[in-house]
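Chains, contacts and geometry: an overview
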Amino acid sequence: MAMTATGVHHRSYTSELRLRATRAEYVRLALMGVLLVVVPFVLDNYWMSIANTILIAIIGAVGLNILVGYTGQISLGQGGFLAVGAYTSVILSDRMGLPTPLAIALAVVMTAVVGTFFGLPGLRLKGLYLAIATLASQQIIEFLIRRDYGDFLTGGLGYINVERLGFLGFQVGGRDVFERQWYVILAVLAVLSVVAARNIFRTGLGRSFMAVRDQDIAAEAIGVNLTRAKLTAFAVSSGFVGLAGALTAHYSEVVSWEKFTLEVSILYLAMIIVGGLGSIAGAVYGAIFMTLLPVVIRNVANALESVVPFLGSQLPAVQNATFGLVIILFLIIEPRGLNRLWERIKEYFRFWPFRY
Amino acid sequence: MLTRAYQHSLNGSSRPEGLPLLEVDDISLRFGGVKALTNVSFTVTQGHVHAIIGPNGAGKSSLLNCISGIYHPQEGQIRLHTGGGQDFRGKDVQEGQHLLTQLPSYKVARLGVARSFQNIELFSHLSVLENLMLGRHIHMRHSVLASMLWFGPARKQEIEHRHLVEEVIDLLQLQSYRHKPVGALAYGIQKRVELGRALCIQPALLLLDEPMAGMNAEEKEDMARYILDVHELAGVSVVLIEHDMNVVMDISDRVSVLDFGKLIADGTPDEVKADPAVIEAYLGSDTEDDEVKDAERRMQERTDV
């Protein structure tokens, strides 16, 4: 195995197609693995709950980036699709009595179908026009779950209490182990999602998505069926989002419409923009960053409260302002997001002591 | 007979040389009141380099767009003939024909009609390799689950198709750019990548829209050589739009001339060169029209006063 990138000489296509070639890359991967394993042993329950939220956000952000970053179809319907996944899974498992893993799998399929349906305007619309069309899907789904005609969804309560997750004879335990057990489940699913998404984009399917993003007329002229490529992108993306929605429902053990508003759609969009459009790693960084940011702001404000009392009393306003400021700064300093920032750091060390 | 060291044939046509491959039959294309093409007919023969020339705005690109299914002419038919010989897998193919005027452009591409664009239309964020692999799109299977798994059919397929792509890279001498994003490459190289992407389709017919526009003499020579390589080594039939008359007269077997959407000449380069209608379209002529002369005289008088 080559030590550095300059020493990489592939002898076969198989070795060239590997995602990692140098020892440094494998070491970083191993460190990531160690980090994932160590987290539940060092963090307390509060920080574990944040870690779990991050893992769910990663699955959702990766899904959204497949559609927005890779296929170039702007979507504001994320919140609605999360809701479809959440409600479907909960109704199938708790009310219809299906095993939870099966219910979650069916929720993924259901969200993919709904996502494909709301992707239909994408066949005719591009860019901002499509964004407005998907905004309609967000509003329609939000309206339906809020009104809940015939009390089909929530039985008139306005929310659904979800039973504690259990499958194949395993039951998630009480307060002391709840977060840690969930962490294991979510970490496995998040890693699988990230790997699956990464794999899509080294095959012809992912390339056809990117071709649609870069030049749709040329894509069609080389034989890519635009209709099919766009709808497949909507389906695959919504599938990931549906999984995130279903997991949100079972993890938080209560489903209500407030969790799936337009604000959520925009938060996810912010995640992939800050992280880096059109990169799976970017979606992961963005999800971590945007979930941690409000927590960090709150902690800093609390710590400084004795010195600057204004920070504590006006916390929500301070939080929003800082949030906006950080995003603006990011877009100015590195428009291609955290992923590009990280690549630049790596390049700096690779070329050191030279500049380029 | 020229031989080549490559394993794969780049020629996707199963038509024996000398038979008609593409028939453009009396097509007319209008955009509202603008007549882009009027009753244009010609035939492209298998194994020929067929040039389409004409002044700017003559409808050359519109014609190419009609063939590749991007535009659909209001009248007339475009037929692609297949079969009568062996395809690149060595199988005998029955004779048949496809009506290109009724197909969407991705289905035309699936019949092996590959094209390049006048203004380079590459996937600019992707590498040269990815662009060329996209040329293999119609020959690959794209299952979502297999792609997510990667190990298994997806990886096997990637490697399988890489072999042909590498041959195209070799033919067009793109080795050193393999992993560069195409958006960052020089214009001449991008044109070459676009030709490469079309070749990866294993075209039955290659449509090139001004492959040498904006190039210097040396680059033009290289490009002409690549086109001839493709044509002679692989036997691919080429329809070529080009403004450089030296190139056109040198490399083409047959030339069709368009002017204001009408076909004004069709023949061998020598015939076309001598055709008075072509000379008039390109150079203009002293008018014989009395009314025009009259109008010119009156204008002259008015300015004199």
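Residues numbered from 1 in each chain as written. Chains lettered and ligands numbered in written order. Predicted model: local features only at pLDDT ≥ 70, side-chain atom pairs only at ≥ 80, totals over all residues. Heavy atoms only, no water.

By the naming in an unreviewed UniProt entry, chain B is ABC transporter ATP-binding protein, taken from Ornithinimicrobium pekingense.

Put simply, the test is: UniProt positions are given in the numbering used here, feature names are shortened, and annotations may be inferred rather than shown by experiment.
Chain A is annotated in an unreviewed UniProt entry as Branched-chain amino acid ABC transporter permease from Ornithinimicrobium pekingense. According to UniProt, the comment filed for chain A under the heading Subcellular location (unreviewed entry) is "Cell membrane".

1. Quick notes on helix H10 (residues 226-252) of chain A
All names here are of chain A. Quick note on the threshold: For helices the rule is a DSSP run of H or I covering at least 4 residues; for strands it is a run of E covering at least 2, with both sets numbered from the N terminus onward. To estimate how far a helix should extend, the number of its residues minus one is multiplied by 1.5 Å. Residue exposure (1.4 Å probe, protein chains only): buried if accessible area is under 20% of the type maximum, exposed if over 50%, otherwise partly exposed. Whenever a nitrogen or oxygen atom comes within 3.5 Å of another N or O atom, the pair is scored as a polar contact, on the condition that within protein one atom can donate a hydrogen and the other can accept it, and that pairs from neighbouring residues in sequence are kept only if both atoms are in side chains.
In a regular helix each residue adds 1.5 Å, so 27 residues correspond to 39 Å; H10 covers 39 Å between its end C-alpha atoms and thus fits that length. Burial analysis of H10 places 23 of its 27 residues in the buried class, the great majority of the element. Where H10 begins, the side chain of Asn 225 points an oxygen toward the backbone nitrogen of Thr 227, at a separation of 3.3 Å. In the stretch just after H10, Glu 253 is the one whose phi turns positive, near 60 degrees.

2. What about the pairing of strand S8 (residues 237-241) of chain B?
All names here are of chain B. What counts here: DSSP-based pairing: two strands are paired if at least 2 bridges between them are found.
Counting buried residues in S8 gives five out of five residues, a clear majority hidden from the surface. Here S8 shows no split at all, with Ser 237, Val 239 and Ile 241 on one side and Val 238 and Leu 240 on the other all buried. Inspection of the sheet shows strand S7 (residues 205-209) paired to S8 by five bridges, in the parallel sense. What sits directly across from Leu 205, in S8, is Ser 237.

3. A closer look at the sheet that holds strand S6 (residues 113-115) of chain B
All names here are of chain B. For clarity, the cut-off: A fitted line through C-alpha atoms serves as each axis, taken over the contacting stretch for helices, and the angle formed by two N-to-C directions is quoted from 0 to 180°. It only takes one pair of heavy atoms within 4.5 Å for two residues to be counted as in contact.
With mixed pairing, six strands are arranged side by side in an open sheet as S6-S7-S8-S3-S9-S10. Only two strands of the sheet have a single neighbouring strand rather than two, namely S6 and strand S10 (262-267). Strand-to-strand twist in this sheet, taken as the mean axis angle between neighbours without regard to direction, amounts to 20 degrees. Along the sheet, helix H6 (residues 187-200) makes contact with S6 and S7, crossing S7 at roughly 160 degrees.

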